[in-house]
Amino acid sequence: MTLVAGASTLLTPQAAEAAIDDQLPGLPIEARPLSQCVGGTLRENIYAERDYPPFDRVCMDGVAIDSAASRRGVRRYAVQATQAAGVPPMTLANAESAIEVMTGASLPRGADCVIPLEQYVLADGFVSLTAPVNDTPFRNIQRRGEDGRYGILMLEAGTLLGAPEIAIAASAGLARVRVSSQPAFMVISTGDELVEPGEPIAGHQIRRSNTYAVIAAMRARGFDRVSNDHLLDDETMLTDRLSLHLATHEALILSGGVSMGRFDLVPKVLKSLGVREVFHRVAQRPGKPMWFGVGPRGQAVFGLPGNPVSTLICLVRFVIPAIVSAMGTRRTPIERIGLARPVTFDLPLAYFLPVAVELDEWGQPWASPRPTNTSGDFLSLIGSDGFIELPPGPMAYPKGFVAPLYRW
Ligand code: AMP
Ligand code: MG
């Protein structure tokens, strides 16, 4: 079923987003070596393998003693042995002996206090305390289980794996973890006028920049299975190559060819290949002609309008969040920001307005508008950080008006 017929019933961006989410199945899971998981979405719960720390851990270089002896006034201890990290705990011979210990060592049995090496002198096998020492029990010792107990839930499925989470998975003893598979993306530009950077160009031609922008935005978010192709506005070529890409990729991201022109053949060709149209056109500026459909194997097919500002905005507003949620990533709240100055907009469409995030004298962020001349004017994006989504006009949005911020 197509969700949109005439211009009067255009989907809002929120409805378009919901329609995409409805259609995208959860992505498959794979077990990957831990070293290859950063940026991935965890798809299993991870529980503590042991107590944290797993033993009473010495956290200073020094000597371990029985604190009761020090409180009784003993100032001189016979050094019985040295115990490094990684060695099973030794046992203190008696209350007048000490064991030299290193940070990370397991607390020797019979000892309950570590005196740091700045607070004693070591000579002839004896330690003599110098200044008054702090001999409270378990001084300079991190107690077993004080950070976390065996069996607690440490990481929940849906967590995005950054450096701390990878460290936690490693500490839980896991060599591999279950994460979402990355979909294979095909980024496709369409248009007879487009010329690859590095190739000679004529006056009437345009550089093929969208593909580079799309791939850059995807790579910046950790997607690395991203290929690309360029197709002419030619029905036969579109049919042949799109059919091939549908067979080999989970998601197609097209730019261009979805407007009303005679050579905007993309929706027609996709439909002929069995890609079911979910919607065409969204009540937004820029990016109104956006198309979305689902292929016979559940492939996601995004037809983004070709104007460079539209392509990038539609990618960041719709494509990337949809894929992130298909990967099972827990949603983080959308950042919100106030307008640095008033803006007016006259159309009954959601307005995606590029902005630079600027800090005022108190360090408070504000969205400073960077309107583009047209949706082809990507030079205006220089120095911008993303765009905000303003509700449909006609409206005068005052300074301080708070809106969702999408970063490039
Ligand atoms: P279309 O959506 O195909 O009608 O294209 C709209 C405008 O965007 C046209 O001026 C195209 O030349 C331009 N355009 C389309 N694709 C790209 C691209 N990959 N890179 C840069 N400009 C493009
Ligand atoms: Mg075109």
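Residues numbered from 1 in each chain as written. Chains lettered and ligands numbered in written order. Predicted model: local features only at pLDDT ≥ 70, side-chain atom pairs only at ≥ 80, totals over all residues. Heavy atoms only, no water.

*Asks:* Lay out the packing of helix α1 (residues 13-23) against helix α7 (residues 308-326) with the relevant residues and their values.
*Replies:* In contact at an axis separation of 10 Å, α1 and α7 are set at 35° when each is read in the N-to-C sense. Every pair of crossing elements has a handedness; the one defined by α1 and α7 is right-handed. Here Pro13, Gln14, Ala16, Glu17, Ile20 and Asp21 of α1 come into contact with α7, specifically with Arg317, Phe318, Ala322 and Ser325. Across the contact of α1 with α7, the residue classes break down as 5 nonpolar, 2 polar and 3 charged. (Axes fitted to C-alpha atoms, helices over the stretch in contact; angles between N-to-C directions. Helix = DSSP H or I, 4+ residues; strand = E, 2+ residues; numbered from the N terminus. Left-handed = near helix turned anticlockwise from the far one by under 90°. Contact = heavy atoms within 4.5 Å. Nonpolar A, V, L, I, M, F, W, Y, C, P; charged D, E, K, R; others polar.)

*Asks:* Which residues make up the pairing of strand β5 (residues 76-83), and what values go with them?
*Replies:* With 3 bridges connecting them, β5 and strand β9 (residues 126-129) associate as antiparallel partners. Residue pairing in the sheet places Tyr77 in a bridge with Val127 of β9. Relative to strand β6 (residues 97-101), β5 runs parallel, the two sharing 5 bridges. Its bridge partner lying in β6, Gln83 is registered against Val101. (Pairing = 2+ DSSP bridges.)

*Asks:* Let's hear about the layout of surface pockets: which residues, and what values?
*Replies:* A water-sized probe rolled over the atoms picks out the places where empty space is left. Computed from the structure, the largest pocket encloses a volume of approximately 1,000 Å³. Lining the largest pocket are 35 residues, with Leu160, Arg221, Ile320, Val324 and Thr332 positioned closest to its centre. In terms of residues, the lining of the largest pocket owes the most to one element, α7, which gives 5 residues. For the lining of the largest pocket, the class distribution of residues is 13 nonpolar, 12 polar and 10 charged. Around the second largest pocket, the lining is made up of 32 residues, and of these Asn210, Pro305, Gly306, Asn307 and Pro308 lie nearest the centre. Looking at the lining of the second largest pocket, the elements that each hand over two or more residues are β13 (185-190), β15 (206-207), β19 (284-285) and α7. Partitioned by chemical class, the residues of the lining of the second largest pocket number 9 nonpolar, 16 polar and 7 charged. (1 Å grid on protein atoms, 1.4 Å probe; cavity = no way out; pocket = protein on both sides within 12 Å on 5 of 7 lines; lining within 4 Å. Points joined across faces, edges and corners; volume = space filled by probe spheres on them.)

*Asks:* Before we move on, could you go through the environment of Val87 and cite the residues and values that matter?
*Replies:* Relative to the assigned elements, Val87 resides in the loop between β5 and β6. Val87 sits in the partly exposed class, given a relative accessible area of 31%. For the pair Val87 and Glu335, spaced 248 residues apart in the sequence, the C-alpha separation amounts to 49 Å. (Buried < 20%, exposed > 50% of the residue type's maximum accessible area, 1.4 Å probe, protein only.)

*Asks:* Hey, could you go over the nonpolar core for me, with residue numbers and the actual values?
*Replies:* In this structure, Phe279, Phe302 and Leu315 are the most contacted members of the largest nonpolar core, which totals 42 residues. Among the elements of the structure, α1, β13, α4 (210-220), β17 (251-255), β18 (276-280), β20 (291-294), β21 (300-304) and α7 are those that each provide at least two residues to this core. At 12 residues, α7 tops the list of elements feeding residues into this core. Not counting the four nearest positions on each side in its chain, Phe302 is found in contact with Ile20, Leu252, Ile253, Leu254, Met290, Trp291, Phe292, Val319 and Ala322. (Core = buried A, V, L, I, M, F, W, Y, C linked by side-chain atoms within 4.5 Å.)

*Asks:* Tell me about the pairing of strand β22 (residues 336-339), residues and numbers included.
*Replies:* Each regular strand shows side chains that alternate between the opposite faces of the sheet. Inspection of the sheet shows β22 paired to strand β28 (residues 402-407) by 3 bridges, in the antiparallel sense. By the bridge assignment for β28, Gly338 is matched with Val402. With 2 bridges connecting them, β22 and strand β25 (residues 365-369) associate as parallel partners. Residue pairing in the sheet places Leu339 in a bridge with Ala367 of β25.

*Asks:* Residues and numbers for the pattern of salt bridges, please.
*Replies:* All chains considered together, the criterion is met by 16 salt bridges. In this structure, Glu17 engages Arg331 in a salt bridge whose closest nitrogen and oxygen atoms are separated by 4.0 Å. Of this pair, Glu17 sits in helix α1 while Arg331 sits in the loop between α7 and β22, placing them 314 residues apart in sequence. What makes Arg331 exposed here is its relative accessible area of 51%. (Salt bridge = Lys/Arg side-chain N within 4 Å of Asp/Glu carboxyl O.)

*Asks:* Can you explain the sheet that holds strand β8 (residues 120-123)? Please cite residues and give values.
*Replies:* Across the sheet, 6 strands lie side by side as β7-β4-β6-β5-β9-β8; this open sheet has mixed pairing. Each edge of the open sheet carries a strand with a single partner, namely β7 (113-116) and β8. Each adjacent strand pair in this sheet contributes to an overall mean axis angle of 35°, direction not counted. Relative to β6, strand β4 (residues 62-65) runs antiparallel, the two sharing 3 bridges. Across the sheet, residue Ala64 finds its bridge partner in β6, namely Ile99.

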